[in-house]
Amino acid sequence: RSGRSAALRARMEERLLGARFRYLNQQLYTGSSRDAARLFRADPAAFHLYHRGFERQVRRWPERPVQRIVRYLRRRPASLVVADFGCGDCTLAASVRNQVHCFDLVPLSPRVTVCDMAKVPLAAESVDVAVFCLALMGTNLQEILGEANRVLKLGGTLMVAEVASRFEDTRAFLKAMTQLGFRTVSKDLSSSYFYLLEFAKTGPARPGPAPGLRLRPCLYKRR
Ligand code: SAH
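Presented here is a report on the structure given in the accompanying data block. Once a new chain begins, its residue numbering starts again from 1 and follows that chain's sequence as written. Totals for whole chains, interfaces and linings use every residue, but because this is a predicted model, local features are given only for residues with pLDDT of at least 70 and side-chain atom pairs only at 80 or more, for both listing and counting. Side-chain measures here rest on the full set of heavy atoms in the structure, leaving out hydrogens and waters.

Focus: the pairing of strand S4 (residues 127-133)
Our working definition: Partly exposed describes any residue whose relative accessible area lies between the buried limit of under 20% and the exposed limit of over 50%, with all areas from a 1.4 Å probe on protein chains only and scaled to the type maximum. Strands here mean DSSP runs of E at least two residues long; helices mean DSSP runs of H or I at least four residues long; both are numbered from the N terminus. Any two strands are treated as partners once DSSP identifies two or more bridges connecting them. Here the term right-handed applies to a crossover when the path leading from its first strand over the helix to its second strand runs clockwise, the strands being oriented away from the viewer.
Of all 7 residues in S4, 7 are buried, a share of seventy percent or more. With 4 bridges joining them, strand S1 (residues 82-85) and S4 adopt parallel strand pairing. Within S4, the residue paired with Val82 across the bridge is Val129. In this fold, the crossover linking S4 to strand S5 (residues 152-163) by way of helix H6 (residues 141-151) has right-handed handedness.

In structure tokens:
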């Protein structure tokens, strides 16, 4: 009997966690990166809850996108300096020999520099590779990608891994990226879970609206 009520309580707790995760997730995808920073600064426990939920989601995927980026970096010189925007638990930094600057809102690891990804403490043109792995969450995409452009050297690489269903018009998105100073080098749209896009910085971002630069919020279904 007590075994059954413990199981019931565990199931209720799971449900509650799931509901809070989906609520937080929705807030992150429907507000700006500044709103996200404010949210987690005010409530660090929410951040840890978010991460537990995130882990549970990606564990169901056949492959973690960050592993693709690890493989990519291992094929390139270890001397390249990397910036990981929205690094989470720093899996990337822990898996490669490169110097990796890790940015997130709350430190899940001592490697993390806490900041809003729209304003990272790096000098202009100081990194070779900028990474956004499931991290393009804020609605101020143009500002966030503009920041990546600022810190990247000319010819530097921008790697984006994003949930496939977030793209409503991939061509329009890639076209908008050219306006932000990024040429498409390769795109892997073969996974039904996530797209992997590689860009090269062609120059500074051009100001003005980039209407194609839109991603749907990634809302998880209740399970
Ligand atoms: N790149 C990691 C984590 C992805 S989850 C991986 O692939 O495993 C998305 C991460 O982006 C979260 O850790 C979240 O806290 C972070 N993030 C969201 N908005 C952010 C912001 N405005 N500034 C910095 N990090 C942010």
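Some thoughts on the sheet that holds S1
Cut-off, in case you're wondering: Axis lines are fitted through C-alpha atoms, for helices just across the contact stretch, and the angle between N-to-C directions can take any value from 0 to 180 degrees.
Pairing is mixed in the open sheet, where 7 strands are placed in the order S3-S2-S1-S4-S5-S7-S6. Two strands lie at the open edges of the sheet, namely strand S3 (112-114) and strand S6 (182-188), each paired on one side alone. Here the average twist between neighbouring strands, direction ignored, is 20°. By the bridge criterion, 3 bridges tie strand S2 (residues 100-104) to S3 in an arrangement that is parallel. Bridging across to S3, Phe103 finds its partner in Thr113.

Here's the deal with the site of the ligand
The test is simple: One heavy atom suffices: a residue is near a molecule or strand as soon as one of its heavy atoms comes within 4 Å of it. Under this definition, polar contacts are N or O atom pairs within 3.5 Å; protein pairs additionally need one hydrogen-donor-capable and one acceptor-capable atom, and for neighbouring residues in sequence, both atoms have to be side-chain atoms. The method behind every accessible area is Shrake-Rupley, applied with a 1.4 Å probe, and residues are considered shielded solely by the protein chains displayed. Grid spacing is 1 Å over the protein atoms alone, the probe is 1.4 Å, and a cavity is where that probe fits but cannot get out, while a pocket is an open set with protein on both sides within 12 Å along at least five of seven lines and lining residues have an atom within 4 Å of a point. Each molecule is checked against the cavity or pocket grid, and it sits inside if more than half of its atoms lie within 2 Å of the grid points.
For the ligand, the set of nearby residues contains 18 residues, the closest of which are His51, Gly86, Asp104, Met117 and Cys133. At 2.9 Å from a nitrogen atom of the ligand is found a main-chain nitrogen or oxygen belonging to Met117. Burial of the ligand by the protein chains amounts to 98% of its free accessible area of 570 Å². Taken atom by atom, the bulk of the ligand overlaps the largest cavity.

Regarding the packing of helix H1 (residues 2-30) against helix H3 (residues 44-58)
For clarity, the cut-off: Angular relationships are summarised with four words: roughly parallel below 35 degrees, roughly antiparallel beyond 145, roughly perpendicular across 65 to 115, and oblique for the angles in between. The contact criterion used throughout is that any non-hydrogen atoms of two residues lie within 4.5 Å. Three classes are used: nonpolar for Ala, Val, Leu, Ile, Met, Phe, Trp, Tyr, Cys and Pro, charged for Asp, Glu, Lys and Arg, and polar for all others, with Gly counted as polar.
Between H1 and H3, the shortest axis-to-axis distance is 9 Å and the interhelical angle comes to 100°. With respect to their mutual orientation, H1 and H3 come out roughly perpendicular. Two secondary-structure elements touch here, H1 through Glu14, Leu17, Arg20, Phe21, Leu24, Asn25 and Leu28 and H3 through Ala46, Leu49, Tyr50, Arg52, Gly53, Phe54, Arg56 and Gln57. Considering only residue class, the contact of H1 with H3 consists of 8 nonpolar, 3 polar and 4 charged.

Concerning helix H7 (residues 170-179)
The periodicity of an α-helix, 3.6 residues per turn, causes residues three or four places apart in sequence to face the same way. The set of residues buried in H7 consists of Thr170, Phe173, Leu174, Ala176, Met177 and Gln179. Where H7 is buried, its residues touch H6, S5, S6 and strand S7 (194-201). Just beyond H7, the residue with positive phi is Gly181, at close to 90°.

A closer look at the side chain of Asn98
One can find Asn98 in the loop between helix H5 (91-95) and S2. A polar contact of 3.3 Å, which involves the side chain of Asn98, links it to the backbone oxygen of Pro77. Apart from the residues within four sequence positions on either side, Asn98 is in contact with Leu73, Pro77, Ala78, Leu80 and Val82.

Some points on the nonpolar core
In summary, soluble globular proteins display a tendency toward joint burial of nonpolar side chains. Just so we agree on the cut-off: Put simply, buried Ala, Val, Leu, Ile, Met, Phe, Trp, Tyr and Cys residues joined by side-chain atoms within 4.5 Å make one nonpolar core. All domain edges in this entry derive from an automatic or database-based domain assignment.
Grouped together as the largest cluster of nonpolar side chains are 43 residues, with contacts concentrated most on Phe40, Tyr50, Ile69, Leu73, Leu92 and Val131. Ranked by the residues each element gives to this core, the list is headed by H3, at 6 residues. Two domains share this core, each providing at least three of its residues, namely domain 1 (1-59) and domain 2 (65-201). Dropping the residues within four chain positions of it, Leu92 is found in contact with Val66, Ile69, Val70, Leu73, Val82, Asp84 and Val131.

Notes on empty space enclosed by the protein
Stated precisely, the cut-off is as follows: Grid points are joined across faces, edges and corners, and a volume is the space filled by probe spheres set on the points.
Applying the stated criterion across every chain, the model contains 2 cavities of 30 Å³ or more. Volume-wise, the largest cavity comes out at about 500 Å³. As for the largest cavity, its lining consists of 31 residues, and the residues nearest its centre are Gly86, Gly88, Asp104, Leu134 and Ala135. Counting residues per element, the ones that place at least two in the lining of the largest cavity are helix H2 (33-42), H3, helix H4 (65-75), H5 and S2. Looking at the lining of the largest cavity element by element, the count peaks at 6 residues for H3. Across the lining of the largest cavity, the residue classes break down as 19 nonpolar, 6 polar and 6 charged.

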